[in-house]
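Observations on the model geometry
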Amino acid sequence: KEKLEDSTPKQLSQSEDARTGLSVEALKKAIFNNLFYVQGKYPEIATRNDYYMSLAYAVRDRLLQRWVASVKQYLDGRHRIVSYLSAEYLLGPHLANNLINLGIYKEVEQATQELGINLQWLLDKEVEPGLGNGGLGRLAACYMDSLATLEVPAIGYGIRYQFGIFEQEIRNGWQVEDTDNWLRRGNPWEIARRELNYEVKLGGYVQHYIDRDGKFRSNWIPELTVKGVAYDTPILGYKVNTTNTLRLWKSEAPKSFDFQSFNSGNYNNAVNQKIVCENISKVLYPNDETVSGKILRLQQQYFFVSCSLQDMIGIHLRQGDKIEDFNVNFAIQLNDTHPAIAIAEMMRLLVDEYDLEWVDAWRVTTRTFAYTNHTLLPEALETWDLELFGSVLPRHLELIYEINRRFLDEVTIKVFGNNNKINSLSIIGEGPRKFIKMANLACAGSFAINGVAALHTDLLKSTVLKDWYALCPEKFSNKTNGVTPRRWLVLSNPKLTSLISSKIGESWIKHLEELKQLEAFADDPEFQLAWMGVKYEMKKILCNRILNKTGIKINPDSLFDVHVKRIHEYKRQHLNILHVIALYNRIKKNPDIEIVPRTFIYAGKAAPGYKMAKLIIKLINSVGEIVNNDPDVRDRLKVVFYPNYNVSNAQVIYPAADLSIQISTAGKEASGTGNMKLSMNGALTIGTLDGANVEIREVVGEENFFLFGLTAEEVAKKKKEGYNPYGYYLENEELKMAIDQIASGYFSHLDDTIFKDLVDNLLYHDPFMVLADFTSYVTCQEKAALAFQDKKSWAKMSILNTARMGKFSSDRSIREYCDDIWKVKSVSVHLDVKD
Ligand code: GPQ
């Protein structure tokens, strides 16, 4: 402890403020001060959390300085602002990312070391905000990073869920869910803006009347009013001052709401109402790409959208601008249809609250919104039962009828009264029960519509949104997804980062195309050795993690075959496990067979209500139990299910991957983004021609990509002609044996009931054509194994994968959104240097 006092700075230099200085001395001082004055502790009794908090607040001070400067600059300069509406943000831990973006990672490492604490020990303490399910939420987080890095004025709006995505445990091979109480120890990265709050109405009915001026008016009398309170998280760009805002809404009971029941002695009722209000932002729905049609989910969507629009209008009007010019100051991006109710809410605000004429309101609305579609899966296209919708949003139901009436009037002329087309474009679906089609509301109310990979956008145009494309082709464009190299390379893989920078400097971090310069070293034996050396170190780190978490010992020399993402039938984790079983059987048949040692690493969560996905997890673990413990295997195959896949765990897994498994049924994965992160970290892809795989293969070169499987076209054709999975089962002996084993209980202690549903589904339905692609997959995996044996050529392919990933930086995606859709320009932020 003496050491602590000795190293405490006595005097800071003139320009170094303890709350803003970036030197080691200033940072030390700041951490030390926070320990006393924020945590109220002294070193002898401080916990790891106290130190984590002290450092986090020290970093936050530096963010706030930049944040205040950014806000001031945006408001003073009257700049156009992008507003990103998303029900999910899967941010991952803040601390390390902020250190990197501030450019003070090394300084803080030294400062903490001199204080006698280990930085990694503190970083590992952070509980990540898991406010998203998977790809869609993580994309929003990458885009927030790129917006700030590109110095674009932007606000992200969403929900401050008290419980994020559940924590996954594996018990006896099954997924068990636990609540994610991420706020338990407090959150130093947010600032509650109690004064920034809006009321949101729910339920009730609408009164209509004619006012004194003879104008037709609507008055929504709600059943319930809730309050949304803003919680702001600063989002700093990489080595710039720009610090944007992520504004998440927490629902509460309005202050005055319970007086009546309370005064009349009905205390229980008052408390119940409070709970009803707070429930709205209580928990993230854990369904990925499925709609549940639950009232609470609709309430969540409307709640955050209404708060966000009220907030934006407030900002707009405070500038002294007219409401009719809202679209001049704001471009609003809808992250899928989850926030699409914003289109009706905008109309309500403009018409009911700001007295605009319908046509004027519609003009403003349709010049404001742009819509990104993220899926082609029919079960993910959101619809709401009309009656349910009306019970929550009675006024919006009227507005949607009116939007639809006017829209269909126009359309009818354009499609010459073709009823099929009118039905397909209508926002209201007819059937035994009527329903609202949110994708159609989004298309009708937006000036731009985009898909998230070239193939996806093409398929949108030719299938799901075909009639929309015919109606308004000019609205459509593709914006291939991207990921931030700051988190997914610099932060996750510091050793590879140093190696790259030692050859080509550091500017690739902001200009990822510059990785191209690595091509010059792809054949250099020394560089190849260093490259594979880093890979080996990262594999060893993952080995330790896996040993700690699962007790499974794996061999870092084996081929790491990595399949990490949400568990979904369309993503085909079961195709992968069938391959594992086939290899296992080859060994059983011939124990001395020459086989490339492999470790199959799986990770991912299944939606708690998705039976088949949960069964796939159990199957992976059951196969693992047999394979991992069979002496005949002699450790040549290992199967690992890494529990609780999240951003932190992904950061350890990606750098250690040799082979990236991207094997969705062609035409089903809109883009994928894990595929980009893995390839960026030097993994080779084995994949179908699906989503962004197509473009990854294009840029890395077909010789550096393992392609297999049916194409989207072939899949569609087969389905049309009548697909018979049973034929494939009979045809391929290895496949038949694997399925028979699963069915007979070979992997489940002779229990032949557990996997019955899964087996029957594959044999008699196989909606994702696992059996049709099996042979092609196994053959392709043989090629991959062979390639892995040639260390030099593998190293070359790995280097070339990283070198050619420039296109997949989220900076490129965001630039395209800015130029083609949002029409926003960057604004550089300067710090007011104060002495
Ligand atoms: N995606 Cl619609 C999700 O993660 N959740 C969703 O609800 C929907 C889409 C994913 C999609 O499956 C991936 O292919 C994309 O890469 C990702 O969105 C981001 O666009």
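Residues numbered from 1 in each chain as written. Predicted model: local features only at pLDDT ≥ 70, side-chain atom pairs only at ≥ 80, totals over all residues. Heavy atoms only, no water.

What about the overall build of the protein chain?
Assigned secondary structure in the protein chain consists of 34 helices and 24 strands. At 28 Å, the protein chain has a C-alpha radius of gyration in line with the 28 Å of a compact globule built from 835 residues. In terms of overall dimensions, the protein chain has a C-alpha envelope of 95 × 80 × 60 Å along the principal axes. In the protein chain, buried positions account for 61% of the 835 residues. By sequence separation, contacts in the protein chain at least 24 residues apart represent 76% of the contacts at least 6 residues apart. Approximately 32,900 Å² of the protein chain is accessible, and the part contributed by carbon and sulfur atoms is 51%. (Helix = DSSP H or I, 4+ residues; strand = E, 2+ residues; numbered from the N terminus. Rg over C-alpha atoms; globule rule 2.2 N^0.38 Å. Buried < 20%, exposed > 50% of the residue type's maximum accessible area, 1.4 Å probe, protein only. Contact = heavy atoms within 4.5 Å. Areas by Shrake-Rupley, 256 points an atom, 1.4 Å probe, with all protein chains shown as cover.)

What to know about the sheet that holds strand β23 (residues 684-687)
Here we have 6 strands laid out as an open sheet, ordered β21-β20-β19-β22-β23-β24, and parallel in their pairing. With one partner strand each, in any of the chains shown, β21 (637-641) and β24 (705-707) form the two edges of the open sheet. For this sheet, the mean angle separating the axes of adjacent strands, direction not counted, is 20 degrees. Pairing analysis gives 4 bridges linking strand β22 (residues 659-662) to β23, with the strands arranged parallel. Paired with I661 across the strands is I686, a residue of β23. Lying on the sheet, helix α27 (residues 693-700) is in contact with β22, β23 and β24; it crosses β24 at an angle near 135 degrees. This element, helix α32 (residues 770-789), spans β19 (559-564), β20 (598-603), β22, β23 and β24 of the sheet and lies at about 160 degrees to β24. (Pairing = 2+ DSSP bridges. Axes fitted to C-alpha atoms, helices over the stretch in contact; angles between N-to-C directions.)

Re the pairing of β19
Burial runs high along β19: 6 of the 6 residues are buried. Neither face of β19 is exposed, since L559, D561 and H563 on one face and F560, V562 and V564 on the opposite face are all buried. Note: β19 against β20, 6 bridges, orientation parallel. By the bridge assignment, H563 is partnered in β20 with Y602. Note on the crossover from β19 through helix α23 (residues 573-589) to β20: the handedness is right-handed. With 2 bridges joining them, β19 and β22 adopt parallel strand pairing. The residue of β22 that forms the bridge with V562 is S660. (Right-handed = clockwise from strand over helix to strand, strands pointing away.)

Details of the site of the ligand
As a matter of local geometry, the ligand sits amid 16 residues, with E289, H374, N481, E669 and G672 nearest to it. Burial of the ligand by the surrounding chains reaches 96%, relative to a free accessible area of 450 Å². The pocket occupied by the ligand, as judged from atoms lying within 2 Å of grid points, is the largest cavity. Residue classes in the shell around the ligand are distributed as 5 nonpolar, 7 polar and 4 charged. Residue assignment places the shell around the ligand across two domains, with domain 2 (78-92 + 128-480) and domain 3 (539-806) each supplying three or more. (Near = heavy atom within 4 Å. 1 Å grid on protein atoms, 1.4 Å probe; cavity = no way out; pocket = protein on both sides within 12 Å on 5 of 7 lines; lining within 4 Å. Sits in = over half its atoms within 2 Å of the grid points. Nonpolar A, V, L, I, M, F, W, Y, C, P; charged D, E, K, R; others polar. Domains from an automatic or database assignment.)

As for helix α10 (residues 295-318)
Compared with the 34 Å implied by 1.5 Å per residue over 24 residues, the 34 Å span of α10 between its first and last C-alpha is a close match. With respect to burial, α10 is a largely interior element, 19 of its 24 residues being buried. One or two steps after α10, the chain reaches G320, where phi turns positive at roughly 85 degrees. (Expected span 1.5 Å × (residues − 1).)

Points about empty space enclosed by the protein
Using the criterion set out here, one finds 8 cavities of 30 Å³ or more in the structure. If you trace the largest cavity, you find 49 residues lining it, with N133, G134, G135, L136 and D288 closest to the centre. Contributing elements (two or more residues each) for the lining of the largest cavity: α7 (135-149), α25 (647-653) and α26 (674-680). For the lining of the largest cavity, the element with the highest residue contribution is α7, accounting for 4 residues. For the lining of the largest cavity, the class distribution of residues is 17 nonpolar, 18 polar and 14 charged. Shared between two domains, the lining of the largest cavity holds at least three residues of each, these being domain 2 (78-92 + 128-480) and domain 3 (539-806). Taken as a whole, the second largest cavity encloses approximately 170 Å³ of empty space. If you go around the second largest cavity, you meet 15 residues; those closest to its centre are L91, N97, D145, I235 and R487. Going through the elements one at a time, α4 (95-102), α7 and β10 (224-236) are the ones with two or more residues in the lining of the second largest cavity. Taken together, the residues of the lining of the second largest cavity sort by class into 6 nonpolar, 6 polar and 3 charged. (Points joined across faces, edges and corners; volume = space filled by probe spheres on them.)

A short note on the pattern of salt bridges
As enumerated under the stated definition, the model contains 51 salt bridges in all. Between D50 and K41 there is a salt bridge, and its shortest N-O distance comes to 2.6 Å. Judged by its relative accessible area of 22%, K41 falls in the partly exposed class. Between K638 and D635 there is a salt bridge, with its nearest N and O atoms 2.9 Å apart. In this structure K638 comes out as buried when scored by relative accessible area, which is 9%. One connected set of salt bridges, linked through shared partners, spans R193, D232, R247 and D311. (Salt bridge = Lys/Arg side-chain N within 4 Å of Asp/Glu carboxyl O.)

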